[in-house]
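# Inside the fold
What follows is each chain in one-letter form.
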Amino acid sequence: MAGPPAPPVTQQVGRERGCGRRPEQEQLREAARCPVLDADGRSVPFQALYAEQKAIVLFVRNFLCYTCKEYVEDLAKVPKAFLQESNVRLIVIGQSSYHHIKPFCSLTGYTHEMYVDPQREIYKILGMKRGEGNKASVRSPHVKSNTLLGSIRSIWRAMTGPAFDFQGDPAQQGGALILGPGNEVHFLHLDKNRLDHVPINTVLQLAGVKTVNFSNKPQIIDI
């Protein structure tokens, strides 16, 4: 169920959970030159993802992280038609080997764009954090599992996968950007911890994309 479309926002939006300051142009130019890899290992410069079109770019912690899995499962529910109507790309970037992209997309049902930054170069340049900040006041609307159950599931996936690895640095936090076309940065948020994702409808709304009903409850429509 779609919500009403919102006009695009072209300035930094503050959030109580902590938003990052806009990257300096020098930082953005440096990040723009960094390569990201697609699911087949093909390298493209980061800038190519937003040079010609506005893009929502979501950096995730690692593909084994249960909070990232559940967040991306909800990203998978964003209709491609909504993005096409607004001429916006939806992109997830992880920090594992590119070999993990296809299995993770299959696991989550995600069919939008996904790349990896295996050396975490862009994460570092944009100032994304390592380690866990304060979780006391943070709750993600997209995470359904509690910490114990989610962690057990993550460990089980690591043990039963084809290669026992964490599919990225387990201490690395992610973030969210809306940028492009060109070097225009509309929004930046740096996650403080694993639960500090920007709500998906927030970034959709800020990018001028229709919002999505993530509730499993049926809605009554007044006619």
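Before reading on, note that the structure itself is shown above.
In short, a report on the structure. If you're wondering where the values come from, they're calculated on a predicted model, not measured in any experiment.

## What to know about the overall build of the protein
Check the secondary structure of the protein and you find 7 helices and 7 strands. For the protein, the α and β elements follow one another from N to C terminus as α-β-β-β-α-α-β-α-β-α-α-β-β-α. Here the protein holds 223 residues, and 48% of them are scored as buried. Taking contacts inside the protein between residues at least 6 apart in sequence as the whole, the part at least 24 apart equals 76%.

## Topic: the nonpolar core
Side chains of nonpolar character tend, in soluble globular proteins, to be buried together. By size, the foremost hydrophobic cluster in this structure holds 34 residues, and its most contacted members are I56, L75, L90, Y110 and M114. Elements represented by at least two residues in this core include exactly β3 (54-59), α2 (66-75), α3 (80-86), β4 (88-94), α4 (101-108), β5 (113-116), β6 (175-179) and α7 (200-206). Excluding residues within four positions of it along the chain, I56 makes contact with V88, R89, L90, I91, L177, I178, V203, L204 and A207. Counting residues in each nonpolar core, the second largest holds 24 residues, with A55, V57, Y123 and L179 among its members.

## Brief notes about the packing of α2 against α4
Two numbers describe how α2 lies on α4: the axes approach to 9 Å, and their chain directions differ by 65 degrees. One way to sum up the angle between α2 and α4 is to call them roughly perpendicular. Regarding α2 and α4, the two cross each other, and that crossing is right-handed. Contacts between α2 and α4 involve C68, K69, V72 and E73 from the former and F104, L107 and T108 from the latter. Residue composition of the contact of α2 with α4, by class: 4 nonpolar, 1 polar and 2 charged.

## Digging into helix α1 (residues 25-33)
Listed as buried for α1 are L28, A31 and A32. Along the axis of α1, the buried positions cluster into a sector of 105 degrees, meaning they face one direction only. Exposed and facing more than 90 degrees away from the buried side of α1 are E26 and R33.

## A look at the pairing of strand β7 (residues 185-190)
Counting buried positions over the 6 residues of β7 gives 6, a clear majority of the element. Where β6 and β7 come together, 5 bridges link them in antiparallel fashion. By the bridge assignment, A176 is partnered in β7 with H189.

## Observations regarding the packing of aromatic side chains
Tallied over the entire structure, the rule returns 4 aromatic pairs. Ring centres of F59 and Y123 lie 5.1 Å apart, and the angle between their planes is 80 degrees; on these two criteria the pair is classed as edge-to-face. Of this pair, F59 sits in strand β3 while Y123 sits in helix α5 (residues 121-125); the two residues are 64 residues apart in sequence, bridging distant segments of the chain. The residues F59 and Y123 share a single accessibility class, namely buried. An aromatic cluster is built from F46, Y50, F59 and Y123, whose rings are joined through pairwise contacts.

## Remarks on the pattern of salt bridges
According to the stated counting rule, one finds 7 salt bridges in the structure shown. For the salt bridge of K77 with D74, the shortest nitrogen-to-oxygen distance reads 3.0 Å. Classification of K77 by relative accessible area gives partly exposed; the value is 40%. Within this structure, D38, D40, R42 and K102 form a network of salt bridges that share partners.

Parameters and conventions
- Residues numbered from 1 in each chain as written.
- Predicted model: local features only at pLDDT ≥ 70, side-chain atom pairs only at ≥ 80, totals over all residues.
- Heavy atoms only, no water.
- Helix = DSSP H or I, 4+ residues; strand = E, 2+ residues; numbered from the N terminus.
- Buried < 20%, exposed > 50% of the residue type's maximum accessible area, 1.4 Å probe, protein only.
- Contact = heavy atoms within 4.5 Å.
- Core = buried A, V, L, I, M, F, W, Y, C linked by side-chain atoms within 4.5 Å.
- Axes fitted to C-alpha atoms, helices over the stretch in contact; angles between N-to-C directions.
- Parallel < 35°, antiparallel > 145°, perpendicular 65-115°, else oblique.
- Left-handed = near helix turned anticlockwise from the far one by under 90°.
- Nonpolar A, V, L, I, M, F, W, Y, C, P; charged D, E, K, R; others polar.
- Arc of directions from axis to C-beta.
- Pairing = 2+ DSSP bridges.
- Phe/Tyr/Trp six-rings, centres within 6.5 Å; stacked < 30°, edge-to-face > 60°.
- Salt bridge = Lys/Arg side-chain N within 4 Å of Asp/Glu carboxyl O.

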